[in-house]
Amino acid sequence: MAPILCVARRVNGGNFRSGGSVVSLIRVAFARLLAAIPMMILVSLIIFSIPYFIPGDPAFTIAGPNATMDDIARIRSDLGLDRPIAGQYIAWLGNAVTFDLGDSYLVGRDVRTMIGERMEVMLSLALLSTLFAGLVGIPLGIIAASRIGGVRDRLAVGSASMGVAIPNYWLAAILVTYLAVEWGWFPAAGYVRIGDDPGQWLWHLILPTIALGAISAAEITRQTRGMMAQTMNLDYIRTARMKGLSPRTVIGKHALKNASIPVITALGLQLTVVLGGSVIVEQIFGMPGLGELAITAVLGRDIPVIQGIVLLTTVVAVSTNLLVDIATSYLDPRVVIT
């Protein structure tokens, strides 16, 4: 694939103005989509192979303990399990493109409907936790980098180190024990849909958001501090200071723009981390999300549900990486996509 070069204009002795053209951004998106195709094919093969890694025959699970061999054979034929593996994969892939993964083995409901009913919880947790990580981590990183070695820097670094070291399930248990049960400030469990009551929706998500976003906020703090510390030592920053620009202008208009690219990348990566951590946090706070559904499906060997959840999280991760690439190309048009 031919490399895509974006034009940049140098200003302030090293700072680059953001704003790649729309055509360049479309090319970046198209190039990333093409690059994601082989990976998605590989992932689809792995997801399709899940039944072969789990002991037991799905037909036995559906038929029940009192089924005859004829019943099991009929179920295997209905599921297409008696066909060649290549044919099974092609048929499964064709359905997976439209997210049609059949019915649950345990409850007989459409998998797409079951996952759709619980997606709001997962997306709410993921987006709010990532937003919390950015709103907390970026300012702390900027404060720490404004005076390396000072009191504020040490406090920020110490808080970030503590945040990275604390497991989210332990923090969730502490928050529930004290802020919810002992002091009664927040709900201890449950979930309210945003369409029913936006205020209660947010109120029930405060503690889970903190529990999930604390580690991400700590990592964003470290990333922001490191990049800001490097950027603040560049020549164009010293020139801006010598011109008498205010510290707010130097940091906000010049330094933060160039330091934001690795931070945005880290935020995108943290979103995928949050998706994985939400499984345990949902259980602690009694939230009817994908985590609860995933655990039930694994324990019951409900293959279509497991495949649907893995497929969904993969699509979310790939889409997040695509958005990060587009944002990076917009902020720094020097980015070369190969």
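Above: the structure in question.
All residue numbers here refer to positions counted from 1 along the written sequence of the relevant chain. Totals for whole chains, interfaces and linings use every residue, but because this is a predicted model, local features are given only for residues with pLDDT of at least 70 and side-chain atom pairs only at 80 or more, for both listing and counting. Side-chain numbers here rest on the full set of heavy atoms in the structure, without hydrogens or water.

Draft legend 1. Layout of the nonpolar core. Residues enter a nonpolar core if they are buried and are Ala, Val, Leu, Ile, Met, Phe, Trp, Tyr or Cys, with the set joined through side-chain atoms within 4.5 Å. Partly exposed describes any residue whose relative accessible area lies between the buried limit of under 20% and the exposed limit of over 50%, with all areas from a 1.4 Å probe on protein chains only and scaled to the type maximum. Counting 46 residues, the largest nonpolar core has Ile-115 and Phe-285 as its most contacted members. Elements that contribute at least two residues to this core include exactly helix H1 (22-48), helix H5 (85-97), helix H6 (111-146), helix H8 (168-182), helix H9 (198-231), helix H11 (247-284), helix H12 (290-299) and helix H13 (303-331). Starting at the N terminus, helices and strands are each numbered in turn, a helix being any DSSP run of H or I of at least four residues and a strand any DSSP run of E of at least two. When residues in this core are grouped by element, the largest group, 8 residues, is from H6. When residues no more than four places from it in sequence are discounted, the contact partners of Phe-285 are Ala-172, Val-176, Ala-188, Ala-189, Gly-190, Leu-207, Pro-208 and Ala-211. Listed in part, the 11 residues of the second largest apolar core include Ala-145, Met-228, Val-250 and Ile-251. What makes two residues a contact is simply this: any of their non-hydrogen atoms within 4.5 Å.

Draft legend 2. Summary view of the pattern of salt bridges. Salt-bridge detection follows one rule: a side-chain nitrogen of Lys or Arg within 4 Å of a carboxyl oxygen of Asp or Glu. The tally for this structure, following the rule as stated, stands at 3 salt bridges. Its salt-bridge partner being Arg-118, residue Glu-292 comes within 3.0 Å of it at the nearest N-O pair. Taken together, the positions of Glu-292 in helix H12 and Arg-118 in helix H6 put the pair 174 residues apart, joining distant regions of the chain. Here Arg-193 and Glu-120 are joined by a salt bridge, their closest N and O atoms 3.2 Å apart. In this pair, Arg-193 sits in the loop between H8 and H9 while Glu-120 sits in helix H6, placing the two residues 73 residues apart along the sequence. For Arg-193, a relative accessible area of 36% puts it in the partly exposed group.

Draft legend 3. Structural detail: the packing of H6 against helix H7 (residues 151-165). Packing of H6 against H7 brings their axes to within 7 Å, and their N-to-C directions diverge by 140 degrees. On the basis of the axis angle, H6 is oblique to H7. Regarding H6 and H7, the two cross each other, and that crossing is left-handed. Of the residues in H7, those in contact with Leu-140, Ile-143, Ala-144 and Ser-146 of H6 are Arg-152, Asp-153 and Ala-156. Each residue gets one label: Ala, Val, Leu, Ile, Met, Phe, Trp, Tyr, Cys and Pro are nonpolar, Asp, Glu, Lys and Arg are charged, and the others, such as Gly, are polar. Residue classes in the contact of H6 with H7 are distributed as 4 nonpolar, 1 polar and 2 charged. All axes are obtained by fitting lines to C-alpha atoms, using only the stretch in contact for helices, and the reported angles, taken between N-to-C directions, cover 0 to 180 degrees. Put simply, angles under 35 degrees are roughly parallel, angles over 145 are roughly antiparallel, angles from 65 to 115 are roughly perpendicular, and the rest are oblique. The hand of a helix crossing depends on one turn: near helix anticlockwise from the far one by less than a right angle means left-handed, and clockwise means right-handed.

Draft legend 4. Quick look at the packing of H7 against H9. Between H7 and H9, the least distance of the axes is 8 Å, while the angle of their chain directions is 140 degrees. Classed by the angle they form, the pair H7 and H9 counts as oblique. When the axes of H7 and H9 are compared, the crossing they make is left-handed. Between H7, through Asp-153, Ala-156, Val-157, Ala-160, Gly-163 and Val-164, and H9, the contact on the second element is made entirely by Ile-215, Ala-218, Glu-219, Thr-221, Arg-222 and Arg-225. Residue composition of the contact of H7 with H9, by class: 6 nonpolar, 2 polar and 4 charged.

Draft legend 5. Representation of H9 in the model. A helix is expected to span 1.5 Å for every residue after the first. With 34 residues, H9 extends just 40 Å between its outermost C-alpha atoms, more than 12% less than the 50 Å of an ideal straight helix rising 1.5 Å per residue. In the structure, H9 departs most strongly from a straight axis at Gly-213, where the bend amounts to approximately 45 degrees. Its side-chain oxygen 3.2 Å from the backbone nitrogen of Gly-199, Asp-197 forms the N-cap of H9. What is called the bend at a residue is the angle between a pair of axes, fitted to the seven residues leading up to and ending at it and to the seven starting from it. Nitrogen and oxygen atoms within 3.5 Å of one another constitute a polar contact, given that in protein one can donate a hydrogen and the other can accept it, and given that sequence-neighbouring residues count only through two side-chain atoms.

Any functional reading would require information that these geometric values do not contain.
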